[in-house]
Amino acid sequence: MTCGMLRTTALLLCLLPGGAALAQTAPAHALAGEAPAEIRTRYLLVGPDGGAVSDEDFRGRFQLLTFGYTFCPDICPTTLVEMAEVLRLLEDRADSVQVLFISVDPERDTPQALAAYTRFFDKRILGLTGSADLIQRVAKNFRIRYAKVPDRGGAANLYSVDHSSGIYLLGRSGEFIKKFGYGAPPSQIAAEIRALAGD
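In what follows, the accompanying structure is described. Starting from 1, residues in each chain are numbered consecutively following that chain's sequence as written. Per-residue local features of the predicted model are confined to residues with pLDDT of at least 70, and side-chain atom pairs are confined, for both listing and counting, to 80 or more; whole-chain, interface and lining totals are unaffected and use all residues. Values reported for side chains reflect all heavy atoms of the structure, with hydrogen atoms and water molecules removed beforehand.

**Re the packing of aromatic side chains**
The description of an aromatic ring pair uses the distance of the two centres, along with the angle that the planes make with each other.
Here is step 1 of the chain: Here is the rule: rings of Phe, Tyr and Trp (six-membered ring for Trp) pair when centre to centre is within 6.5 Å. Planes less than 30 degrees apart are stacked, more than 60 are edge-to-face, and the remainder are tilted. According to the stated counting rule, one finds 7 aromatic pairs in the structure shown.
Here is step 2 of the chain: On the numbers, 5.7 Å between centres and 45° between planes, the contact of phenylalanine 101 with tyrosine 117 is tilted. Note that phenylalanine 101 is positioned in strand β5 (residues 97-103) and tyrosine 117 in helix α4 (residues 111-121), a separation of 16 residues in sequence. Tyrosine 117 matches phenylalanine 101 in its accessibility class, with the two residues each being buried.
Here is step 3 of the chain: Members of the aromatic cluster, joined through ring pairs, are Phe67, Phe142, Tyr168 and Phe176.
Here is step 4 of the chain: Two conditions define a charge sitting above a ring: the NZ of Lys or the CZ of Arg must be within 6 Å of the ring centre, and it must be within 35 degrees of the ring normal. In this structure, arginine 108 packs its charged tip against the face of phenylalanine 71, placed 4.1 Å from the ring centre.
Here is step 5 of the chain: Over the ring of tyrosine 159 we find lysine 148, and its NZ or CZ is 4.3 Å from the ring centre. Only DSSP runs of H or I covering at least 4 residues are called helices, and only runs of E covering at least 2 are called strands; the numbering of each starts at the N terminus. Relative accessibility decides the category of a residue: with a 1.4 Å probe and only protein chains considered, values under 20% of the type maximum give buried, values over 50% give exposed, and everything between is partly exposed.

**Remarks on the environment of leucine 126**
Here is step 1 of the chain: Note that leucine 126 resides in strand β6 (residues 125-128).
Here is step 2 of the chain: For leucine 126 and isoleucine 102, which are 24 residues apart along the polypeptide, the C-alpha to C-alpha distance reads 8.5 Å.
Here is step 3 of the chain: In this analysis, two residues are considered to be in contact whenever any of their non-hydrogen atoms come within 4.5 Å of each other. Apart from residues lying up to four places away in sequence, leucine 126 is in contact with Pro48, Val53, Phe58, Gln98, Val99, Leu100 and Phe101.

**Here's the deal with unusual backbone geometry**
Here is step 1 of the chain: Despite not being glycine, glutamate 91 has its phi angle at roughly 50°, a positive value.
Here is step 2 of the chain: Topologically, glutamate 91 is positioned in the loop between α3 (75-90) and β5.
Here is step 3 of the chain: Overall, the relative accessible area of 59% leaves glutamate 91 in the exposed class.
Here is step 4 of the chain: Not every positive phi belongs to a glycine, and arginine 143 is a case in point at roughly 60°.
Here is step 5 of the chain: Looking at the secondary structure, you find arginine 143 in the loop between α5 (132-141) and β7 (146-149).

**Thoughts on the pairing of strand β9 (residues 167-170)**
Here is step 1 of the chain: Neither face of β9 is open: one carries Ile167 and Leu169, the other Tyr168 and Leu170, and all of them are buried.
Here is step 2 of the chain: Note: two strands are recorded as paired if DSSP finds a minimum of 2 bridges between them. Sheet analysis places strand β4 (residues 62-68) next to β9, joined by 3 bridges and oriented antiparallel. Pairing of leucine 64 across the sheet is with leucine 169, part of β9.
Here is step 3 of the chain: In the sheet, β9 pairs with strand β10 (residues 176-180) via 4 bridges, with the strands oriented antiparallel. Bridging across to β10, leucine 169 finds its partner in lysine 178.
Here is step 4 of the chain: Hairpin geometry of β9 and β10 is characterised by an intervening segment of 5 residues between the two adjacent antiparallel strands and by a positive phi of about 85° at glycine 174.

**A word on the pattern of salt bridges**
Here is step 1 of the chain: Here, a salt bridge means any side-chain nitrogen of Lys or Arg that lies within 4 Å of a carboxyl oxygen of Asp or Glu. This model, assessed by the stated rule, comprises 9 salt bridges.
Here is step 2 of the chain: The partner of arginine 108 in a salt bridge is aspartate 105, with the nearest N and O atoms 2.6 Å apart. Of the two residues, arginine 108 and aspartate 105, neither departs from the other in class, the shared state being buried.
Here is step 3 of the chain: What emerges from the salt-bridge pattern is a single network uniting Arg42, Asp55, Glu56 and Arg59.

This is the structure we're talking about:
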């Protein structure tokens, strides 16, 4: 089964009745571990138009961000479906939140590829990439682990990437508030944002 077929299967699981419960069990390639308190929320990456995007661009708004890659067969599409659902649940409060998908696969995830990928889930989700050095720096700041896993058949461009899962919530000043584990209910995330916003 190809990566594309696996991705479609994961999406269908999320959308079918009872599928969310199935999706909440993290696949084997998810690297476990909760984020420690000493998170540094700084990043400088490349947006869909090729321009620089930093954490300072979203001051005054909450940020929900996750790390992954467009060839991810399960964790990433499931998480993006959930993040899109958070935006839907927030309704009029959605404008106070910026959702970000940061690639850990800069070799394949160009700005254009990320834009097309994130738009599939919700046009308000912003995909960010950058050089290998920039990605490593951001991953270190957020205590994210990732590692390339070569294809057993030897095809150089068909590797997968093991990576930490979960969703980070940053406050209006860019401060780290919380990391939600993989499979956290969108209703819980939306409720916590509403509470922080004073609803």
